[in-house]
2 protein chains.
Amino acid sequence: MAMDLVIDNALLVLGGPDMETCGSGAVGIAGDEIAWVGKTPEKPRPEAARTLDAAGGILLPGLVNAHCHLPMTLFRGLADDLALDDWLTNHIFPAEARFITPHNAAAGTRLAAAELLLSGVTSVCDGYFCEEAVAEAACGLGMRVVAGHGVLDFPAPGVPDPAKSVRTAADFAEKLLDRHPLCKPSIFCHSPYTCSPATLAAAKRACRKLGILFQTHAAETKGEVERFVARHGKTPIRHLHDLGVLDENTLVVHAVWAGKEDIGLLAETGAGVAVCTNSNLKLASGIAPLPALLSAGVSVGLGTDGAASNNRLDLFSETAATARLHKAASGDPTVVDAKTALYLATEGGARASGLGRTGRIEVGWAADLVLLDPDSPSLTPCYDPVSHAVYAASAADVLHVFVAGRQVVENRRLTTADLSQILAEAREVARQIRAAR
Amino acid sequence: MAMDLVIDNALLVLGGPDMETCGSGAVGIAGDEIAWVGKTPEKPRPEAARTLDAAGGILLPGLVNAHCHLPMTLFRGLADDLALDDWLTNHIFPAEARFITPHNAAAGTRLAAAELLLSGVTSVCDGYFCEEAVAEAACGLGMRVVAGHGVLDFPAPGVPDPAKSVRTAADFAEKLLDRHPLCKPSIFCHSPYTCSPATLAAAKRACRKLGILFQTHAAETKGEVERFVARHGKTPIRHLHDLGVLDENTLVVHAVWAGKEDIGLLAETGAGVAVCTNSNLKLASGIAPLPALLSAGVSVGLGTDGAASNNRLDLFSETAATARLHKAASGDPTVVDAKTALYLATEGGARASGLGRTGRIEVGWAADLVLLDPDSPSLTPCYDPVSHAVYAASAADVLHVFVAGRQVVENRRLTTADLSQILAEAREVARQIRAAR
């Protein structure tokens, strides 16, 4: 079989739960898939239209960002260091109501996709409004995306009448199904406290009908859970379970305050969880019970959350922060080890967000790959590429990126769009936001 | 006054406790100092041999890494995810005993200095062995360094006889005093549990005589404090205080388990603290009481610790992690705000480590400056450059770096040494380390 590309002389991190590695291996790509993996330095390599010498750099599966609100890059650093209510009510909601149009959502998404691709993230699971514009913008830059259309029981950007929110989201999903090989549509209910039981159940029914992912924030803050229990007599996650919403095609975002029973329900139903460590820290939401989720067998991915609360869509930073934090939080330096953290940032996130076969270097899996700079001082010397990918690597080390076999980043430059144009568009929206404050 | 360089059209973050900013300002450099600051876009600018157009990029004071063990880059990723005792006893100590020679310490330091400078760190406060080689290697790359010679009551690299450890360190410090404008020597007692009261007192006497910084690790882990109290009837920090070691020229490293009384002693004596958030998380040591230290008025800086426990010498990552973590740890999203965090990463670290006038953009202060890439997607759009410097910036965004007026990084490339040579040297040492395991 002739390859389109062979990446040779790479330090391979193959991914998967065992996180197997091999020095000086090679990967062959045909079309959008990995078609051949050579785990030894021995030649010959398959015939290929192009051969890329990785020069000993670490080649790993593309990172998967399991939770984002892509257009919110437009609000990056607009307001920080505030209590959650103040931040949302006085800064983020008003900015969203006024400035999230399809045009601006596309501009914010292009900016986000540029940042993600340049930092080694090849797939993102999104939830927001004007999501058709989001999906088109992300795919346009060559990014793999789960595009979740937002659902809320009050007026939202592009959905002025909440009575039509599930219908609008379902129509979006039906329209986008199989439209673009890089895009999977989804429905994203904001939360059990902003969506009624009827809304949640109807949205999940629409997802089941289309065979797509259902997403929702839940148990992000202690106050949210306490208020929910006071009102409904059960936790938000138990509520989702009792509505029949939890299954293998549901992604629960945050779950910071998931208790033991909640974790049992997630594990039992096969629902996934997106852990957003940096956002949860910055908003003072807390620390998700990640070791307990993993022990229970819950499917977990890592997300950056939106750039308004992070403020950077950098999954290397997220992965390192997650691996480090849980050691101190538990007092045990062996928990969430490098293999586990990197699995969550790759295949774990892909599984939790229903992306299918991406996040592993294996024949038949998507050719979503990241090559780290072999001449980065931060990655020198190298005793263990998995340790480096988690504890030492950063966006600064990302040299080349491939999504579905297409090289989207070459020598730290985006190949799929004009970055200066993307920056100019985002700055123009920001100018309007600034003027309106 | 004619300038050597004017950096124009910059988004200035001036530093200092108020963290004043101004859009489209300019900074003039003469020799090794900042000689002029223009806080408005109005021309004219002073005459200058060279003008650099910052193109709207954020110009901020160079970051100060308040705690590092520079040569330990050689052990980056050698062992992770282990209990502290196992990590130290079975991996780090044997590697140090065998491989820390002046030649290798210099190789590791050059690698560290390259990484630091390329990520916007202009000053570092170090503590290790073979420190003369460390100081020369760091200054050779144009890095500002506090070089702390290690003291231990057992044999150490370059100091086989512990009876001579204070004498060796004092001789080193005397020899390096005023030798290089970028270097301040210091004495670094490893800890109150590895140095006797007599050793600590003698080392501090030598520091006082020479007017230099005394450094020591203390209260890093809960177990250390509990064992110390059981043996000595007082905490390590109280012990240092009772020995007369705490004053404005002492830097206590970690202080994770500093109690209320300890914090009072630090504040009362003016001793500084280096907080090493990521290292403390990764080793499961805990979370330093930073808000309490700051409320008490303790002088605090941020350190990366050595690359064996971090595993990256990236102060942007450290600053963001510190600002985020304490919000979740305290449940208050307003603590350690962006201004505070950036102050700690700049002037705060310089004060705590006795570096003098670096860490602020002000006439008469050292021309230690970092320009961030105006065309970084992660820093776009920009509503608040202080927020961006803390929550959004990373090593990937560092474009130009100046230390004492000299441009040490230009367009992401080190100007002061051949990076490929530095990487080759470090890899050769690593090859020997790997072969010996």
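Residues numbered from 1 in each chain as written. Chains lettered and ligands numbered in written order. Predicted model: local features only at pLDDT ≥ 70, side-chain atom pairs only at ≥ 80, totals over all residues. Heavy atoms only, no water.

Description of helix α11 (residues 315-330) of chain B
Residues and elements named next belong to chain B.
Point 1. The end-to-end C-alpha distance of α11 is 22 Å, a good match for the 22 Å that 16 residues give at a rise of 1.5 Å each.
Point 2. Burial runs high along α11: 13 of the 16 residues are buried.
Point 3. Where α11 terminates, the next one or two residues include G331, which has phi positive at roughly 75°. (Helix = DSSP H or I, 4+ residues; strand = E, 2+ residues; numbered from the N terminus. Expected span 1.5 Å × (residues − 1). Buried < 20%, exposed > 50% of the residue type's maximum accessible area, 1.4 Å probe, protein only.)

Side note on the sheet that holds strand β7 (residues 121-128) of chain B
All names here are of chain B.
Point 1. In space, the eight strands of this open sheet follow the order β6-β7-β8-β9-β10-β11-β12-β13, with parallel pairing throughout. Each edge of the open sheet carries a strand with a single partner, namely β6 (63-68) and β13 (299-302). Within this sheet the neighbouring strands show an average axis-to-axis angle of 25°, counted without direction.
Point 2. Relative to the sheet, α11 contacts β6, β7 and β13, its axis offset from that of β6 by approximately 85°. (Pairing = 2+ DSSP bridges. Axes fitted to C-alpha atoms, helices over the stretch in contact; angles between N-to-C directions. Contact = heavy atoms within 4.5 Å.)

Focus: the packing of helix α3 (residues 131-140) of chain B against helix α4 (residues 165-176) of chain B
Residue and element names in this part refer to chain B.
Point 1. Where α3 contacts α4, the two axes come as close as 10 Å, and the packing angle between them is 30°. Classified by the interaxial angle, the pair formed by α3 and α4 is roughly parallel. Packed against α3, whose contacting residues are E131, E132 and A135, the element α4 presents F172, K175 and L176 at the interface.
Point 2. Here the contact of α3 with α4 is built from residues that sort into three nonpolar, no polar and three charged. (Parallel < 35°, antiparallel > 145°, perpendicular 65-115°, else oblique. Nonpolar A, V, L, I, M, F, W, Y, C, P; charged D, E, K, R; others polar.)

Focus: the interface of chain B and chain A
Point 1. Taken residue by residue, the interface counts 62 residues in chain B and 62 residues in chain A.
Point 2. Across the interface of chain B and chain A, roughly 4700 Å² is buried in total on both sides, 60% from carbon and sulfur atoms.
Point 3. Three residues stand out in chain B for area buried against chain A, namely B:D81, B:R324 and B:Y383, and they jointly supply 17% of the buried area on that side.
Point 4. Connecting chain B to chain A are six salt bridges.
Point 5. For A:R427, the salt bridge goes to B:D375, with nearest N and O atoms at 3.3 Å.
Point 6. At the surface where chain B touches chain A, the tally comes to 38 residue pairs in polar contact (both at pLDDT 80 or more).
Point 7. Going through the elements one at a time, α2 (102-118), α9 (277-282), α11, α13 (385-392) and α14 (419-436) of chain B are the ones with two or more residues in the side of chain B that touches chain A.
Point 8. Considering every element that reaches the side of chain B that touches chain A, the biggest residue donor is α14(B), with seven residues.
Point 9. Residues that form the side of chain B that touches chain A fall into these classes: 31 nonpolar, 16 polar and 15 charged. (Buried area = accessible area lost by both parts, 1.4 Å probe. Salt bridge = Lys/Arg side-chain N within 4 Å of Asp/Glu carboxyl O. Polar contact = N/O pair within 3.5 Å; in protein donor to acceptor, adjacent residues only side chain to side chain.)

So, the domain arrangement of chain A
Residue and element names in this part refer to chain A.
Point 1. Here chain A is described as being made up of domain 1 (5-61 + 365-414) and domain 2 (63-352).
Point 2. Domain 1 and domain 2 are separated by 28 Å when their C-alpha centres are compared.
Point 3. Between domain 1 and domain 2, a total of about 2300 Å² is buried, with carbon and sulfur atoms accounting for 71% of that surface.
Point 4. If you sort the residues of domain 1 by the area they bury against domain 2, V390, Y391 and L414 come out on top, with a joint share of 25%.
Point 5. Where domain 1 meets domain 2, there are one salt bridge.
Point 6. With its nearest N and O atoms 2.7 Å apart, the salt bridge here joins R144 to D368. (Domains from an automatic or database assignment.)

Some details on the sheet that holds strand β10 (residues 213-218) of chain A
Residues and elements named next belong to chain A.
Point 1. Read from one edge of the open sheet, eight strands run β6-β7-β8-β9-β10-β11-β12-β13, paired in parallel fashion. Each edge of the open sheet is held by one strand with a lone partner, namely β6 (63-68) and β13 (299-302). On average, each strand axis in the sheet is tilted by 25° relative to the strand beside it, whichever way the strands run.
Point 2. Where strand β11 (residues 250-254) and strand β12 (residues 272-275) come together, three bridges link them in parallel fashion. Opposite V253, over in β12, you have A274 as the bridge partner.
Point 3. Across the sheet, helix α3 (residues 131-140) touches β7 (121-128), β8 (144-151) and β9 (183-189), and the angle it forms with β8 is around 170°.

Concerning the relation of the copies chain B and chain A
For these two chain copies, the linking operation is a rotation about an axis paired with a shift along it.
Point 1. Superposing chain B onto chain A takes a rotation of 180° combined with a translation of 0.0 Å along the rotation axis, leaving an RMSD of 0.0 Å. Here the two chains are linked by the operation of a two-fold rotation axis. If distances are taken from each C-alpha of chain B to the rotation axis, the shortest is found for B:A396, at 2.0 Å.
Point 2. A share of 100% of the interface residues of chain B reappears at the interface of chain A, consistent with the copies meeting face to face through the same patch. (Least-squares fit on C-alpha atoms with pLDDT ≥ 70 in both.)

Considerations on the pairing of strand β15 (residues 398-403) of chain A
All names here are of chain A.
Point 1. When you tally the buried positions in β15, you get six out of six residues, the bulk of the element.
Point 2. Where strand β14 (residues 369-372) and β15 come together, four bridges link them in antiparallel fashion. The residue bridging L372 from the neighbouring strand is V398, located in β15.
Point 3. By the bridge criterion, three bridges tie β15 to strand β16 (residues 406-410) in an arrangement that is antiparallel.

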